[in-house]
Amino acid sequence: MDVDTNVLNAPRWWQIGVLYQIYPRSCMDSNGDGVGDLQGILHQLDYYRWLGVAGLWLSPIYPSPMVDFGYDVSDYTDIDLLFGTLNEFDALLEAAHRLNVRILMDYIPNHISDQHPWFVQARSARNNPYREWYIWRDPASDGGPPNNWGSVFGGSAWQWDERTDQYYLHSFLKEQPDLNWRHPEVRRAMMDVLRFWLNRGVDGFRIDAPARLIKDAAFRDEPPNPAYTPDQAPYYCLLHTFSRDQAELQDVIRLLRCVVDKYDDRVLIGEVYLPLPRLMFYYEMGVHCPFNFQLLKRAWRPLLIRQLIDTYEGLLSAEQWPNWVLGNHDVSRVATRIGVAQARVAAMLLLTLRGTPTSYYGDEIGMLDVPTPPALAQAPWERNVPGRGLGRDPARTPMQWNAQAHARFTTGTPWLPVAENYAQVNVEAQRWDPCSLLTLYRRLIALRAREPALHSGACAPIVADDRLVASTRTSGDRRFLIALNLNSDTVVFQQDGLYGRVILSPFLDQMETATNDAFMLRGNEGLVV
Ligand code: GLC
């Protein structure tokens, strides 16, 4: 657990700093079409600098039919007109760099839009040179799909192609055919995509679904999942033994890392929804930060969180850098999952853990999920498997900037409803409120930035019981105690020889109090001592 901090003599920007995910559709609309755009993000850059985040990860902005809101790319080397132009992108990048804010792109290598010219070619004839860029199979002996693999969004992962009488594989929607990463030309073309953006100056990528890039060469049937319960999405009724996380991924991901390493100081983040021990494989293959999504899934209980931190820290080698995620565009918002009061404690946890924190837009002001009436549902999962709460729209609603109409997100009709609470819960109101969640985020980010103990110091557990989780962070002679009360009752934290000064509470009131041997935490309070 005690990591030798010498390895971090020169920590990189993405290790010290906080990453912030922008969902461009919902950031800021500059042209009144109801959808956020690059000019809107440019307009808000000062806010991100003020907040103190080091890098902005932009969810996809490439040309796309938007069947999966940009995760169905029809051109990897341009910007969708909905968001702007390449020139506007360059201007955004330059402006961000001037403010010392980095920009990360979403890189979507596993699948593509069925409207992409490569796929249009591939499905035009069996002997087309692009055919092998995708995964085509003949029907099974009964005429049905070649195997039992399921699409994440429901139904078979195989789609029949009338014109050429074969099935193609799609891990997600049928409009998102999977690329065949066993084909050298695919590798070459997709490496070129990385270079295209690296040459423009982007600072790194969040790789979408890297675990899926290589599939079992024999396309064996997946085994049933004995732990499946009917409340889960149908996709989970099978174990995904053969369609993802294959050993041969090594070569592919190492290639990606080699490309990135030719450029200075860039970073590769990976969207890896796998148990912690499997994350280590992605570290070894060269992903700097395979996303650690465990806080999204665990119940908000001190003992579970303690166990999670200890397990993760125990698995990481000295060179492997931790990371933590509290929210993203695919899951319910943190303030909805654990409540507004605990969202403050969660901010404190996220921003005092060892490792790169990733923050999802709007979580810094406590935005909540916004229920979307079924008739307005936009996200495809909800439309394919209705009534299971699989829709992702509630966590993707427009950013709440101020109390003006539509929270000043747009002058038009927002593509998703703005939360009803926007008049109270918005950036402008919280920016000037010394006790707001936004102020807490900003202070935590600033504290973390100036204290090596907090961004790269060793992390040691102290206690966890059914109410409290506490750790220390140490670097040289600087030592911080972080104690978090995950309940709404008061608790007393006691430790012999403890002498310290409270420097931050989520309520932003009890500061500079000296403590001796014990201190009290109010309900929903955490303290940095
Ligand atoms: C990733 C994205 C998600 C998308 C899926 C398919 O999981 O985060 O939003 O639907 O990939 O591209």
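Scope of this entry: the structure provided in the associated data block. Because the structure is a prediction, the values reported are computed rather than measured.

Quick look at the site of the ligand now. Taken together, 13 residues lie around the ligand, and Asp68, His111, Asp208, Glu271 and Asp330 are the ones closest in. Here an oxygen atom of the ligand and a side-chain polar atom of aspartate 68 are 2.6 Å apart. Between the ligand and the protein, one listed contact pairs an oxygen atom with a side-chain N or O atom of arginine 392 at 2.9 Å. Across the complex, the protein chains shield 97% of the 300 Å² of accessible surface that the ligand would expose by itself.

Taken in spatial order, the four strands of this open sheet run 12-13-14-17, and their pairing is antiparallel. The sheet is open, and its two borders are formed by strand 12 (458–464) and strand 17 (526–528), each paired with just one other strand. When the angles between neighbouring strand axes are averaged without regard to direction, this sheet yields 15°. Two elements, strand 13 (residues 468–475) and strand 14 (residues 478–485), share eight bridges in a ladder whose sense is antiparallel. Counterpart to arginine 473 in the pairing with strand 14 is phenylalanine 480. In this fold helix 10 (residues 302–315) packs onto strand 12 and strand 13, with an angle of close to 150° to the strand it touches most, strand 12.

The subject of this paragraph is the pattern of salt bridges. Oppositely charged side chains can form a pair if their charged atoms are brought close together. For the structure on display, the rule yields 28 salt bridges. Its salt-bridge partner being aspartate 138, residue arginine 126 comes within 3.8 Å of it at the nearest N-O pair. Of the two residues, arginine 126 is situated in the loop between helix 5 (117–122) and strand 4 (136–137) and aspartate 138 in the loop between strand 4 and strand 5 (158–161); the sequence distance between them amounts to twelve residues. Between aspartate 192 and arginine 195 there is a salt bridge; the shortest N-O distance is 2.8 Å. Taken together, the positions of aspartate 192 and arginine 195, both in helix 6 (residues 184–200) and three residues apart, correspond to about one turn of that helix.

So, on to helix 4 (residues 86–98). Its 13 residues give helix 4 an end-to-end C-alpha distance of 18 Å, which sits within 8% of 18 Å, the value for a rise of 1.5 Å per residue. Turning to helix 4, its buried residues are Leu86, Phe89, Leu92, Leu93, Ala95 and Ala96. Those residues of helix 4 hidden inside the fold are in contact with helix 2 (38–43), helix 3 (45–51), strand 2 (55–58), strand 3 (102–107) and helix 6. Following helix 4 by one or two positions, asparagine 100 has its phi on the positive side, about 65°.

Attention shifts here to the packing of aromatic side chains. Evaluation of the coordinates by the stated rule reveals 31 aromatic pairs. Their ring planes at 85° and their centres at 5.2 Å tell us that tyrosine 47 and tryptophan 401 sit as a pair that is edge-to-face. You can see tyrosine 47 sitting in helix 3 and its partner tryptophan 401 sitting in the loop between helix 13 (380–384) and helix 14 (427–431), a full 354 residues away along the chain. Assigned by exposure class, tyrosine 47 and tryptophan 401 land together as buried. On the numbers, 4.0 Å between centres and 15° between planes, the contact of tyrosine 273 with phenylalanine 293 is stacked. Of this pair, tyrosine 273 sits in the loop between strand 8 (267–270) and helix 8 (276–285) while phenylalanine 293 sits in the loop between strand 9 (289–290) and helix 9 (294–297), and the two are 20 residues apart along the sequence. Taken together, Tyr62, Tyr76, Phe89, Trp118, Tyr130, Trp133, Phe196 and Trp197 form an aromatic cluster joined through their ring pairs.

Cut-offs and rules
- Residues numbered from 1 in each chain as written.
- Predicted model: local features only at pLDDT ≥ 70, side-chain atom pairs only at ≥ 80, totals over all residues.
- Heavy atoms only, no water.
- Near = heavy atom within 4 Å.
- Polar contact = N/O pair within 3.5 Å; in protein donor to acceptor, adjacent residues only side chain to side chain.
- Areas by Shrake-Rupley, 256 points an atom, 1.4 Å probe, with all protein chains shown as cover.
- Pairing = 2+ DSSP bridges.
- Helix = DSSP H or I, 4+ residues; strand = E, 2+ residues; numbered from the N terminus.
- Axes fitted to C-alpha atoms, helices over the stretch in contact; angles between N-to-C directions.
- Contact = heavy atoms within 4.5 Å.
- Salt bridge = Lys/Arg side-chain N within 4 Å of Asp/Glu carboxyl O.
- Expected span 1.5 Å × (residues − 1).
- Buried < 20%, exposed > 50% of the residue type's maximum accessible area, 1.4 Å probe, protein only.
- Phe/Tyr/Trp six-rings, centres within 6.5 Å; stacked < 30°, edge-to-face > 60°.

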